[in-house]
2 protein chains.
Amino acid sequence: MRIGIIGAGQMARALGGGWAAAGHEILIGGRTPRRAEELATAIGHGARAGGIRDAVGFGDVVLLAVPVPALPDVLRAAGDGAFDGRTVIDCTNAFVPDGSAGESLVLAEDAVAERIAASARGAHVVKAFNLCAAEVWESGNREYGGRRLVVPLCGDDPGALDRVGSLVRDLELRPAVAGGLHRARYLEATSVLVVGLWFAGVDAGAAFPPLEAAFAVPDGA
Amino acid sequence: MRIGIIGAGQMARALGGGWAAAGHEILIGGRTPRRAEELATAIGHGARAGGIRDAVGFGDVVLLAVPVPALPDVLRAAGDGAFDGRTVIDCTNAFVPDGSAGESLVLAEDAVAERIAASARGAHVVKAFNLCAAEVWESGNREYGGRRLVVPLCGDDPGALDRVGSLVRDLELRPAVAGGLHRARYLEATSVLVVGLWFAGVDAGAAFPPLEAAFAVPDGA
């Protein structure tokens with residue numbers, strides 16, 4: 001697949017590196033040309049660098065891997081209609097410092113993926129990869145406690161969900177469709193909750209029983 | 001502790017039954033007197049039944065365990081100022097059917113706990129116990145994969161958080177403060193995401209790496 005990646009930070013490196021190693025063609029579109037070049041070189045496997053318009057024009061799939069405040073400029077730089085018909089992966093979280101004491105982060109807005117879909121005309125937006133830090137996607141660990149790491153996806157276009165699901169599997173992760181794009185806001189909220197618990201030293205995953213225990217007693221028993 | 005429970009359904013039975021067995025005094029305040037009586041009898045350990053005002057007046061801690069649409073009537077029935085200074089546990093989720101195909105539930109509103117705090121004057125609201133079904137709290141299983149089940153709590157009053165944390169431990173579960181009441185909306189969103197995945201047959205917990213893996217590679221490595 002041809003994948004355009006907008007951004008040259010940790011998420012771009014972690015996901016782009018994995019996809020390049022899996023045989024996909026990568027074009028890193030950077031806001032800073034030098035950083036895009038450096039990342040493309042670091043990724044290797046023929047990965048190339050260019051500008052934002054290059055990455056959007058190149059990709060069957062475009063990964064948005066920039067901080068949320070940069071999104072409006074990036075979408076504008078791509079040009080009107082540039083995303084039409086393309087699968088766009090949104091892995092961002094609108095984290096900002098929580099003003100109150102003892103807490104880490106809150107969301108600056110409650111539905112980033114839906115806003116992207118409203119701005120990027122014709123894009124098939126899929127929210128994915130926002131629950132874990134780049135380090136996790138880069139680490140090479142794919143199973144914990146005998147369970148393959150699950151990547152929930154939210155999106156409205158079946159083809160786009162298939163395409164992203166296939167890219168999730170190419171990273172040896174397990175895709176799980178978690179509903180339409182109107183549910184992406186739940187993924188965003190879950191991320192800020194879970195990261196807050198992790199920062200506080202709590203094993204957030206321990207709040208979720210395994211599937212076989214989640215409905216332990218039949219209804220009405 | 002004296003615990004007033006408003007509601008006579010599965011959550012009231014699961015949590016009230018556990019707390020009664022742990023030695024707490026329980027008063028079930030029902031909207032339907034017969035159901036409250038039946039539940040108090042089923043719980044045993046001296047649990048009593050009464051009306052909504054009785055439960056609120058009785059409890060150092062009051063558990064709201066009714067469906068979200070019933071909350072306004074219940075808060076009104078308690079009487080003005082009835083919650084002043086009391087610890088109120090909100091375990092509810094504003095689940096409604098998702099209109100779109102293939103999906104289960106969405107949230108009818110995005111911040112139930114904050115609305116309760118705004119309505120119940122003087123209450124110290126703590127969101128808790130909303131991530132798992134009543135069956136889980138009732139099942140007797142407290143550890144999965146060697147990890148004790150974590151119950152995240154959101155609330156603003158330190159004394160109320162301590163009190164609810166102690167009640168979590170009395171059920172042999174592990175409390176984890178997840179921030180102020182303004183973060184309870186993240187708990188609510190997480191619940192609808194996770195339940196949706198469970199309904200779809202996905203092991204939602206597998207989306208969250210264990211704590212030691214959540215930041216697997218040092219920043220900047």
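Residues numbered from 1 in each chain as written. Chains lettered and ligands numbered in written order. Predicted model: local features only at pLDDT ≥ 70, side-chain atom pairs only at ≥ 80, totals over all residues. Heavy atoms only, no water.

By the naming in an unreviewed UniProt entry, chain A goes by NADP oxidoreductase and is assigned to Virgisporangium aurantiacum.

Another point: the environment of Phe95 of chain A. Residue and element names in this part refer to chain A. The topology assignment puts Phe95 in strand S6 (residues 95-97). Using a relative accessible area of 28% as the deciding quantity, one classes Phe95 as partly exposed. The spatial distance from the C-alpha of Phe95 to the C-alpha of Ile6 is 19 Å, given a sequence separation of 89 residues. Excluding its chain neighbours within four sequence positions, the residues that come into contact with Phe95 are Leu105, Val106, Leu107, Ser191, Val192 and Val195. (Helix = DSSP H or I, 4+ residues; strand = E, 2+ residues; numbered from the N terminus. Buried < 20%, exposed > 50% of the residue type's maximum accessible area, 1.4 Å probe, protein only. Contact = heavy atoms within 4.5 Å.)

All right, on to the sheet that holds strand S1 (residues 2-6) of chain B then. Whether parallel or antiparallel, the strands of a sheet pair through hydrogen bonds between backbone atoms. Residue and element names in this part refer to chain B. Judged by pairing direction, the sheet is mixed, and its eight strands sit side by side in the order S3-S2-S1-S4-S5-S8-S11-S12 without closing on themselves. Strand pairing shows two members of the sheet lacking a second neighbour, strand S3 (48-50) and strand S12 (174-177), which therefore form its edges. On average, adjacent strands in this sheet sit at an angle of 25 degrees to one another, irrespective of strand direction. Judged from the four bridges that link them, strand S4 (residues 61-64) and strand S5 (residues 87-90) form a sheet pairing that is parallel. Within S5, the residue paired with Leu63 across the bridge is Ile89. Together, S4, S5 and strand S8 (124-127) form the strand contacts of helix H5 (residues 112-119), whose direction differs from that of S8 by roughly 170 degrees. (Pairing = 2+ DSSP bridges. Axes fitted to C-alpha atoms, helices over the stretch in contact; angles between N-to-C directions.)

Here the focus is the sheet that holds strand S5 (residues 87-90) of chain A. Residues and elements named next belong to chain A. The strand order S3-S2-S1-S4-S5-S8-S11-S12 describes an open sheet built from eight strands, whose pairing is mixed. At either end of the open sheet lies a strand with only one pairing partner, and these are strand S3 (48-50) and strand S12 (174-177). Adjacent strand axes in the sheet meet at a mean angle of 25 degrees when their direction is disregarded. Pairing analysis gives four bridges linking strand S11 (residues 150-155) to S12, with the strands arranged parallel. From the neighbouring strand, Leu153 faces S12, where its bridge partner is Val177. Sheet strands in contact with helix H7 (residues 158-170) are strand S1 (2-6), strand S4 (61-64), S5, strand S8 (124-127), S11 and S12, and its direction is about 165 degrees off that of S11.

A few words on the interface of chain B and chain A. Listed per partner, the contact involves 58 residues of chain B and 58 residues of chain A. Summing both sides of the interface, chain B and chain A together bury roughly 5200 Å²; the carbon and sulfur share of this comes to 65%. The interface formed by chain B and chain A holds four salt bridges in total. Measuring nitrogen to oxygen at the nearest pair gives 3.8 Å for the salt bridge that ties Arg183 of chain A to Asp98 of chain B. Here chain B and chain A share 15 residue pairs in polar contact (both at pLDDT 80 or more) between them. Among the secondary structure elements, those contributing two or more residues to the side of chain B that touches chain A are helix H1 (10-21), strand S7 (105-107), helix H6 (134-138), strand S10 (147-148), strand S11 (150-155), S12, helix H8 (184-199) and helix H9 (211-214) of chain B. At 11 residues, H8 of chain B tops the list of elements feeding residues into the side of chain B that touches chain A. (Buried area = accessible area lost by both parts, 1.4 Å probe. Salt bridge = Lys/Arg side-chain N within 4 Å of Asp/Glu carboxyl O. Polar contact = N/O pair within 3.5 Å; in protein donor to acceptor, adjacent residues only side chain to side chain.)

Taken as a whole, this structure holds nine aromatic pairs over all chains when the rule is applied. Ring centres of Phe208 of chain A and Phe208 of chain B lie 4.6 Å apart, and the angle between their planes is 20 degrees; on these two criteria the pair is classed as stacked. Highlighted residues: Phe208 of chain A in the loop between helix H8 (184-199) and helix H9 (211-214) and Phe208 of chain B in the loop between H8 and H9, drawn from two different chains. Phe208 of chain A sits in the buried class, given a relative accessible area of 4%. Seen from their ring centres, Phe129 of chain B and Trp137 of chain B are 5.3 Å apart, and the 90 degrees between their planes marks the pair as edge-to-face. The pair formed by Phe129 of chain B and Trp137 of chain B is uniform in burial state, with each residue classed as buried. Counting every residue linked through ring pairs, the aromatic cluster contains Trp19, Phe129 and Trp137 of chain A. (Phe/Tyr/Trp six-rings, centres within 6.5 Å; stacked < 30°, edge-to-face > 60°.)

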